[in-house]
Amino acid sequence: MKKRHWERMKRAFMLFTALLVFAKIAGAEEMVWPAGVVKLSETSVVMAPGTVKKLKLNGASSGVKWSSSSKKTVTVGKTGKLTAKAKGTASIVAKYKKQTYICSVTVKYMNHTTADKIRYKDSSGNFGKTGRWFKKDINGKKYDFTSTDGSAIYFKVTGSKYVDIDFYWNTAVADPYFAYSVDGGNMKRQLLTKKRISVGNTKTHYVRVLIDAISEYEDRWIGEAGVAIKKVKPVTKDGIVTAVTPKNPTIAFFGDSMTKGVRALNMELTPSGTSATHSYAWHCAKELKMTPYFVGYGGSGIIEQGSFQKCLSVISQASAHRKAESFDADTVVVLHGTNDVYTYGNMYIMEYKKVLEALHKKFPKAKVMAVIPFNQIHADEIRAAGSAYKKWCTVVETANWNLSYTDGMHPSAKGAERAGKKLAKKIRSVRK
């Protein structure tokens, strides 16, 4: 009797399998499901924050009621659409004809790599960030604030074709620009007054946003002129934005107007002519698949303060009143000297050594690259200073780079790209 029962079960299973294969061959859009059999398409699901998934109650007609035990973790729509909100666990319940069906959902942090080879990990909050950010009080609330071109945020958006970035800026000279990339594509730049960006469709997208240009005539040192980001908001009700953070190693650039991309786009000494994403620093980091950390201020140097402060002060200070946040760097680049036109000889060598020593103390495991200015000023002094620390410091020669310039001093967009690739090649050889 048991044998006959087993044979009947076996034949039924084979028939069911044959039906599934036939449905697939015939190109059926819906899977053929045996009449009277009701079952969830999945009973256990793992998702990342800011992603969606469709859950089905196979064999059921209309009248399925869906619910979530934790809407903070994952929500479920009327058709079984799951939207992961935050790290945690939840039970998704489907009720149909007095029967209850349960799917266990785990929302956890995962990794993803975009087209530009930046590796992201999920993180808590509305957005992740890299660069010179600090908390600033704005109308009684504290927000992430930066006064440095190249500071960046990162987030993931699902369910919305458009995203609004709630900027705040206290600049007096000109409105800043920002630049953004979707899924590692080309950077697009626009004024902060145009806060809405397009990600293309409602699928999951990874977005990188940089503060691309703040006028170097702003008072960033005492007055802390700059940009805050309050929140990133999806335009549609069903959209969700969650934070991601890059996992790639960091390369830090300490420099002047060349580092921040002044006059890379045109001759204007304004945000319209400046672009961090058209600087040698950006192209160098891009070539190395590293995360750039910009510390570039127009007119500054080893001795000269310029629009901010001399390099030794900038290493430790984000403004006159605030300490710079600590971070890890795999490689550190110093490109200073162009603005130091009043001090030469041993005095300059001593001051340059102080900068190198301070950077080595702050980043003891990093390779420090002392780049000779493109116009070759202070070349001998920089060679002398760098030669004292050969174990961790490399002097980078630039005399034969054949760059193009907008004004004879600042590299053009093409010149900056060439400089970035030349520097990346040197850094790659040192890191090996």
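Just so it is clear, the model here is predicted, and its values are computed rather than measured. (Residues numbered from 1 in each chain as written. Predicted model: local features only at pLDDT ≥ 70, side-chain atom pairs only at ≥ 80, totals over all residues. Heavy atoms only, no water.)

## Here we look at the nonpolar core
Here is step 1: In this structure, Ala252, Phe254, Val332, Tyr352, Leu356, Leu359 and Phe363 are the most contacted members of the largest nonpolar core, which totals 32 residues.
Here is step 2: Per element, the largest residue contribution to this core is six residues, and it comes from helix α5 (residues 345-362).
Here is step 3: The residues touching Ala252, leaving out its near neighbours within four places in the chain, are Tyr293, Phe327, Ala329, Thr331, Val332 and Val333.
Here is step 4: In terms of nonpolar packing, the next biggest core, distinct from the first, is built from 31 residues, Tyr154, Cys284, Phe294 and Leu335 among them. (Core = buried A, V, L, I, M, F, W, Y, C linked by side-chain atoms within 4.5 Å. Buried < 20%, exposed > 50% of the residue type's maximum accessible area, 1.4 Å probe, protein only. Helix = DSSP H or I, 4+ residues; strand = E, 2+ residues; numbered from the N terminus. Contact = heavy atoms within 4.5 Å.)

## Concerning the pairing of strand β11 (residues 119-123)
Here is step 1: Pairing of strand β10 (residues 111-113) with β11 involves three bridges; the strand directions are antiparallel. Paired with Thr113 across the strands is Arg119, a residue of β11.
Here is step 2: Note that β11 and strand β22 (residues 240-246) share four bridges and pair antiparallel. Bridge assignment links Lys121 to a residue of β22, and that residue is Thr245. (Pairing = 2+ DSSP bridges.)

## Notes on unusual backbone geometry
Glycine aside, residues mostly have negative phi, and peptide bonds are mostly found in the trans state.
Here is step 1: The phi angle at Lys98 is positive, at roughly 65°, despite the residue not being glycine.
Here is step 2: Within the secondary structure, Lys98 is located in the loop between β8 (88-96) and β9 (99-107).

## Examining the sheet that holds strand β2 (residues 44-47)
Here is step 1: The strand order across the open sheet formed by four strands is β2-β9-β8-β5, and the pairing between neighbours is mixed. With partners counted over all chains shown, the strands left at the sheet margins are β2 and β5 (65-68), one partner each. Each adjacent strand pair in this sheet contributes to an overall mean axis angle of 20°, direction not counted.
Here is step 2: With nine bridges connecting them, β8 and β9 associate as antiparallel partners. (Axes fitted to C-alpha atoms, helices over the stretch in contact; angles between N-to-C directions.)

## What to know about the pattern of salt bridges
Here is step 1: Tallied over the entire structure, the rule returns 17 salt bridges.
Here is step 2: In this structure, Asp116 engages Arg208 in a salt bridge whose closest nitrogen and oxygen atoms are separated by 3.5 Å. Of the two residues, Asp116 sits in the loop between β10 and β11 while Arg208 sits in strand β20 (residues 205-213), which places them 92 residues apart along the sequence.
Here is step 3: A relative accessible area of 7% places Arg208 in the buried class.
Here is step 4: The residue Asp212 makes a salt bridge to Arg189 at a minimum N-O spacing of 2.8 Å. With Asp212 in strand β20 and Arg189 in strand β18 (residues 188-191), the pair connects residues that are 23 residues apart, well separated along the chain.
Here is step 5: Judged by its relative accessible area of 25%, Arg189 is partly exposed.
Here is step 6: One network of salt bridges, in which partners are shared, links Lys129, Lys135 and Asp144. (Salt bridge = Lys/Arg side-chain N within 4 Å of Asp/Glu carboxyl O.)

## Regarding the side chain of Ser307
Here is step 1: Positionally, Ser307 belongs in the loop between β24 (291-296) and α4 (311-316).
Here is step 2: Within the local environment of Ser307, its side chain forms a polar contact with the backbone oxygen of Gly298, the two atoms lying 2.8 Å apart.
Here is step 3: Setting aside residues up to four positions removed in sequence, Ser307 forms contacts with Glu216, Glu218, Tyr297 and Gly298. (Polar contact = N/O pair within 3.5 Å; in protein donor to acceptor, adjacent residues only side chain to side chain.)

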